[in-house]
Amino acid sequence: MTSTVKVKQVTIGEGMPKICVPMVGATTAELKEEAEALKSLDLDVVEWRVDFFDQVENIEAVKAALADIRNIIPDLPLVFTFRSAKEGGEKEITTEYYAELNRAAAATGLADIIDVELFTGDDTVKPLVDYAHQQGAYVIISNHDFHKTPPKAEIVSRLEKARELGGDLPKIALMPADAGDVLTLIEATYTMKEKYPDCPVITMSMAGKGMISRIAGEVFGSALTFGSAKKASAPGQIPVSELRTALELVHRSL
């Protein structure tokens, strides 16, 4: 494991948290329009949320759209993410197709990072991680709970499991019921930072209550944060221009 993940000219895990903006277009035309618009924004990483894509169950169409996106934004790090419905995504697919889809994306060489959901099952996750690495892609191993925030020990355990499975960037996003839940997430983040300085993590507490977690990553140990362009892909995302200002304010204070 390394303490940073360098993708193109962006080093995740160093300095200010890097800003990732999701693309959520339903059609290739919408995605191309989004990609063009992103070129004018002050961001670091782009995530294609392929679960929003209306042809997601056609792998050739997915690969073609991925190529179109890459042609428009060749120099920006690109994350390929199918977010399942059970973790807040737009639709559900079989585990077999999930693995096939992610393998196909990794094999194109067009996605720099593949997002793999932690609870897909070890028998699926570990081979996917290994395959993505063989293709030269990094891997986010992620977990999302849009209903609650588990205890600190459980948060740390899930992030540790993601690390053990080979994730370059363990990620967790949780819904807080109150400010105490936000503190729990931040404490777990700081524990990971202290315990595993060789492994950058991505953590966030969602919705308005959790917004502080999206801007305080440099203090507590979250290496990447998500901002919105047109449409947020999760509750609590801050518009990218405002997010950069907030991150710089924290950074100058340290």
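Each value, and the rule that gives it
The residue numbering used here restarts from 1 in each chain and proceeds along that chain's sequence as written. Reporting in this predicted model follows two pLDDT cut-offs: at least 70 for local features of residues, and 80 or more for side-chain atom pairs to be given and counted; totals over whole chains, interfaces and linings ignore these cut-offs and use all residues. For the side-chain quantities, the full set of heavy atoms in the structure was used; hydrogens and water were omitted. UniProt positions are given in the numbering used here, feature names are shortened, and annotations may be inferred rather than shown by experiment. Pairing of aromatic rings covers Phe, Tyr and the six-membered ring of Trp, with a centre-to-centre limit of 6.5 Å; geometry is then stacked below 30 degrees between planes, edge-to-face above 60, and tilted otherwise. Helix numbers and strand numbers start at the N terminus; a helix is a DSSP run of H or I with at least 4 residues, a strand a run of E with at least 2. Burial classes follow relative accessibility: with a 1.4 Å probe on protein chains only, a residue under 20% of its type's maximum area counts as buried, one over 50% as exposed, and anything between as partly exposed. Any pair of N or O atoms that falls within 3.5 Å is considered a polar contact. Within protein, one atom must be able to donate a hydrogen and the other to accept it, and sequence-neighbouring residues count only if both atoms are side-chain atoms. Should any heavy atoms of two residues lie within 4.5 Å, those residues are counted as being in contact.

As recorded in an unreviewed UniProt entry, the protein chain goes by 3-dehydroquinate dehydratase and comes from Paenibacillus durus. Quoted verbatim from the Catalytic activity (unreviewed entry) field of the UniProt record, the comment on the protein chain reads "3-dehydroquinate = 3-dehydroshikimate + H2O". You can read under Pathway (unreviewed entry) in the UniProt record for the protein chain the words "Metabolic intermediate biosynthesis; chorismate biosynthesis; chorismate from D-erythrose 4-phosphate and phosphoenolpyruvate: step 3/7."

Caption draft 1: Inspection of the packing of aromatic side chains at higher detail. Per the counting criterion, the structure on display carries three aromatic pairs. Their ring planes at 85 degrees and their centres at 5.8 Å tell us that Trp-48 and Phe-80 sit as a pair that is edge-to-face. Here Trp-48 is found in strand β4 (residues 45-49), whereas its partner Phe-80 is found in strand β5 (residues 78-81), with 32 residues between them in sequence. Where Phe-82 meets Tyr-98, the ring centres are 6.2 Å apart and the plane angle is 75 degrees; that geometry is what we call edge-to-face. Taken as a pair, Phe-82 in the loop between β5 and α3 (95-108) and Tyr-98 in helix α3 lie far apart in primary sequence, 16 residues in all.

Caption draft 2: Just unusual backbone geometry, in detail. Although it is not a glycine, Lys-8 sits at a positive phi angle of roughly 55 degrees. Tracing the sequence through the fold places Lys-8 in the loop between β1 (5-7) and β2 (10-12). Although it is not a glycine, Ala-207 adopts a positive phi angle of roughly 65 degrees. In this fold, Ala-207 is placed in the loop between β9 (202-205) and α7 (211-215).

Caption draft 3: Expanded view of the side chain of Thr-189. Within the element layout of this structure, Thr-189 appears in helix α6 (residues 179-195). Look at Thr-189 and you get buried, because its relative accessible area is 3%. A polar atom in the side chain of Thr-189 sits 2.8 Å from the backbone oxygen of Leu-185. Every residue in contact with Thr-189, bar those within four places of it in the chain, is listed here: Val-201, Thr-203, Phe-220, Gly-221 and Ser-222.

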